[in-house]
Amino acid sequence: MEAQRMKETALGADLPGGAPKPGAKAQTVAMPGGKAFNLGRTAPGQKGPGRFMARVGAGPGMAFGEKFAVHAGTVGESQKGPEAAKAYGKLLAGLSPGPLGLYVHVPFCQNRCLYCGFVGQKPDNQLMEEYVSAVAKEIGAMGATAPGRPGPVRTVYFGGGTPTIVPPGLLAGLTGAIQKNFSLASDLEMTLEGRVSDLSPENVEGFLAAGFNRFSLGVQSFDTRIRRALGRHGDREKAMGQLSNLIRRRMAPVIIDLIYGLPGQDVSAFLADLETADRLGVDGLDTYQLNVFAGGELERAVREGRIPAPAGLPGQAEFYLRAAEFLDGLKWRRLSLSHYARDTRERNLYNPWAKSRKNCLAFGAGGGGFIDGHATYRLPDVAAYLGDARRGRFGPDFLTLPTGNEALESSIVGQMELGYLNLRKLFGAGGVSPGPIKALTDNWAQAGLIRLNGDYMELTDPGRFWGVNLTQALVVTAKENAG
Ligand code: SF4
């Protein structure tokens, strides 16, 4: 996935929802094939900062009634189908030289993890070969459309699904196509996402030879009982052994995802996972809050009493706060609201790059990117993608037009991801009238979610837990009050 990260791609880059208001309703954009993307919650009839106020004195886990799921600020008018692909071609042809990110989507997965909302295509060798050759063609076509050798490319991310199930030799065809068609920065970060069960010594050798210099792996939990209940491959010992195959090479930073709030998991089990990660020598950690997808397998299993209910929001806040305290105690550095690094080896370039909507070209079925303020998205339909590739047709199925507020949004999202916001700049160069934002920051300070420190608003640990809500509130309120 790994599925917890689905929220960071495409139209919805890590996207927030609202304080729970009766009658609140999710906005959706209908996509062909009956898909719909949640664009955020609205409270009918409610306007102004009041709808984003926190409960004062309710405790860290009760400041809001729910976590916002989607970033409403990302939505502009969109173009579809051939119109979107044509507009994308024009944008690409006019692309100015400058730093770039690339995203390659690999929509294959053999697992069915209980908590995962991702419906992966079951791979076979022939399909993977065909897919990789189509993506290589797309990389070549897009590289040729942009003027010169586009770049320098600073960060490349192979996400999915589970890209590590693709044989290293095939992945090398894609990294080779990137090398051939783009200018690469000398400090390029090239990440391969996947699962530890694919880390045989031969595969590790092959992934490194293909040019990957960072690995992001979905461990989710080291606890054997929890892993089995969730449908993860292998037990604790196996997961640790496979991870060690990669770590002991010391050739590239190894980052793992760990989920908190899982069914049957208590805080001490999660802290034990963090302790194991530290002891194994991983370079970075993402701590993800469990998302339960409505109508998903996990929700059904809980409803039918096959597994215990996962932690609610107050419980999740407890996990988050205790984990932050534990990792601070081990002197890990905080690189974002949920991402920690042991030392300077882990840079975590891609996620902040994508979240702050810098230019990032996406390839493959299910890939989402940004170009000059336009969000792009290709549907995850592999058969349709392969059919188009045979006809030499590439490009997104959807392209969202800029709203004119991109710079403001990116600046807020980028700073908040790091745990602060410069209010003086927001009210000065940002041209946002202070009143409504100040009403929010006064309330959040009272609720213990932020500290006001000179020109800055800084998130406390409870504020970091609610970071998506605060970011969403700031983006929406700033846009509504921009000069
Ligand atoms: S490995 Fe599990 S979490 Fe990752 S994409 Fe597949 S089903 Fe989802």
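Relevant structure appears above.
Residues numbered from 1 in each chain as written. Predicted model: local features only at pLDDT ≥ 70, side-chain atom pairs only at ≥ 80, totals over all residues. Heavy atoms only, no water.

Chemist: Account for unusual backbone geometry, with residues named and values stated.
Modeler: Omega for the peptide link from G151 to P152 comes to 10°, which places this bond in the cis form. Phi at Q220 is positive, roughly 70°, even though this residue is not glycine. For Q220, a relative accessible area of 1% gives the class buried. The backbone phi angle of D372 is positive, close to 45°, even though this residue is not glycine. Take D372: it is sitting in the loop between β13 (368-371) and β14 (374-377). (Buried < 20%, exposed > 50% of the residue type's maximum accessible area, 1.4 Å probe, protein only. Helix = DSSP H or I, 4+ residues; strand = E, 2+ residues; numbered from the N terminus.)

Chemist: Please provide a residue-by-residue account of the sheet that holds strand β18 (residues 456-459), values included.
Modeler: Ordered in space as β16-β18-β17, the three strands form an open sheet in which the pairing is antiparallel. Edge strands, defined here as strands with exactly one partner in the open sheet, are β16 (420-422) and β17 (450-453). Averaged over all pairs of adjacent strands, the angle between their axes in this sheet comes to 15°, without regard to strand direction. Pairing of β17 with β18 involves four bridges; the strand directions are antiparallel. Within β18, the residue paired with N453 across the bridge is Y456. Packed on one face of the sheet, helix α14 (residues 434-446) meets β17 and β18 and runs near 120° to β17. (Pairing = 2+ DSSP bridges. Axes fitted to C-alpha atoms, helices over the stretch in contact; angles between N-to-C directions. Contact = heavy atoms within 4.5 Å.)

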